[in-house]
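Structural description and commentary
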Amino acid sequence: MDVLIDERLHIDTPEGARLTLSLAGPLPRGMAYGIDLMIRALILVMVATPLMLLGRGGSGLYLLLLFLLEWFYPVLFEVFRQGRTPGKAVMGLAVVHGNGAPVGFSGSLVRNLLRTADLFPFAYLTGFIVMLVSSRQQRLGDLAADTLVIHVPAPQARPAPGDGGGEPPDWPLNRDDQLVLLAFHDRGQRLSEERQRELARLAYPELADEAALARLRRVVNHVLGAA
């Protein structure tokens, strides 16, 4: 089941896990496209003069390069660079399938070939309008390929075992407990301090909020050290 709250899409996987994706709107996507456009233009300018010196053969090679850059530049980067062209990487964006899985060759090819439809009548006007009315910020190419453009969370430094002190839990840990503690570590920095204290109270209801949170963090460090 998919649930959209504000700009975040929550996807419940068959394994019972919940993925939270932050959807990218027209502005960051437009800026990423502008960066990629400048990169492609720079490549064409750099090779134009040497190729023109080759006469008609050089002109043919230039047109071939123009074709490849226009249609396969985004596809190759999206398939082999985790859904990220250089422009998307700068803007912290990535293309994924509608279920959150990495985008494949066919999905990337379809979404990029349909850019011609999104361009109509000019300046991506159709794609912009479709994105505004789409519940998942998808242009026509995304709808056809079932793809999304999302914000990629900045990588968080994983503390070395024992950073901040570790403390073994006062109950026998099973696999589910370990997964919950690791999830708290991975997502904790994106939670408000109040939400973190609320979760800590569930683990240590007998302690004051700050003490419960401090102890939970020490237990997480212990689990990280044992992982």
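Residues numbered from 1 in each chain as written. Predicted model: local features only at pLDDT ≥ 70, side-chain atom pairs only at ≥ 80, totals over all residues. Heavy atoms only, no water.

The name given to the chain in an unreviewed UniProt entry is RDD domain-containing protein, with Alcanivorax xiamenensis as the source organism. Its UniProt record gives the chain a comment under Subcellular location (unreviewed entry), which states: "Membrane". (UniProt positions renumbered as here; feature names shortened; annotations may be inferred.)

1. Considerations on the packing of helix H3 (residues 73-80) against helix H5 (residues 105-113)
Where H3 contacts H5, the two axes come as close as 9 Å, and the packing angle between them is 150 degrees. The angle between H3 and H5 places the two elements in the roughly antiparallel class. At the point where H3 passes H5, the crossing takes the right-handed sense. Taking contact as the criterion, the partners of Pro74, Val75, Glu78 and Val79 in H3 are, on H5, Phe105, Ser108, Leu109, Arg111 and Asn112. Residue composition of the contact of H3 with H5, grouped by class: five nonpolar, two polar and two charged. (Axes fitted to C-alpha atoms, helices over the stretch in contact; angles between N-to-C directions. Helix = DSSP H or I, 4+ residues; strand = E, 2+ residues; numbered from the N terminus. Parallel < 35°, antiparallel > 145°, perpendicular 65-115°, else oblique. Left-handed = near helix turned anticlockwise from the far one by under 90°. Contact = heavy atoms within 4.5 Å. Nonpolar A, V, L, I, M, F, W, Y, C, P; charged D, E, K, R; others polar.)

2. Observations concerning the packing of aromatic side chains
In this description, an aromatic ring pair is defined by two values, namely the gap between the centres and the angle between the planes. The tally for this structure, following the rule as stated, stands at three aromatic pairs. Measuring from centroid to centroid gives 5.1 Å for tyrosine 33 and tyrosine 124, while their planes differ by 70 degrees, and the two rings are edge-to-face. One end of the pair, tyrosine 33, is in helix H1 (residues 26-52); the other, tyrosine 124, is in the loop between helix H6 (115-119) and helix H7 (125-133), with 91 residues separating them in the sequence. Given the relative accessible area of 29%, tyrosine 33 is considered partly exposed. (Phe/Tyr/Trp six-rings, centres within 6.5 Å; stacked < 30°, edge-to-face > 60°. Buried < 20%, exposed > 50% of the residue type's maximum accessible area, 1.4 Å probe, protein only.)

3. Focus on the environment of tyrosine 73
Relative to the helices and strands, tyrosine 73 resides in helix H3. Note: C-alpha distance between tyrosine 73 and aspartate 36 (37 residues apart in sequence) is 9.0 Å. Residues within four places of tyrosine 73 in sequence aside, it is in contact with Asp36, Ile39, Arg40, Leu68, Thr85 and Pro86.

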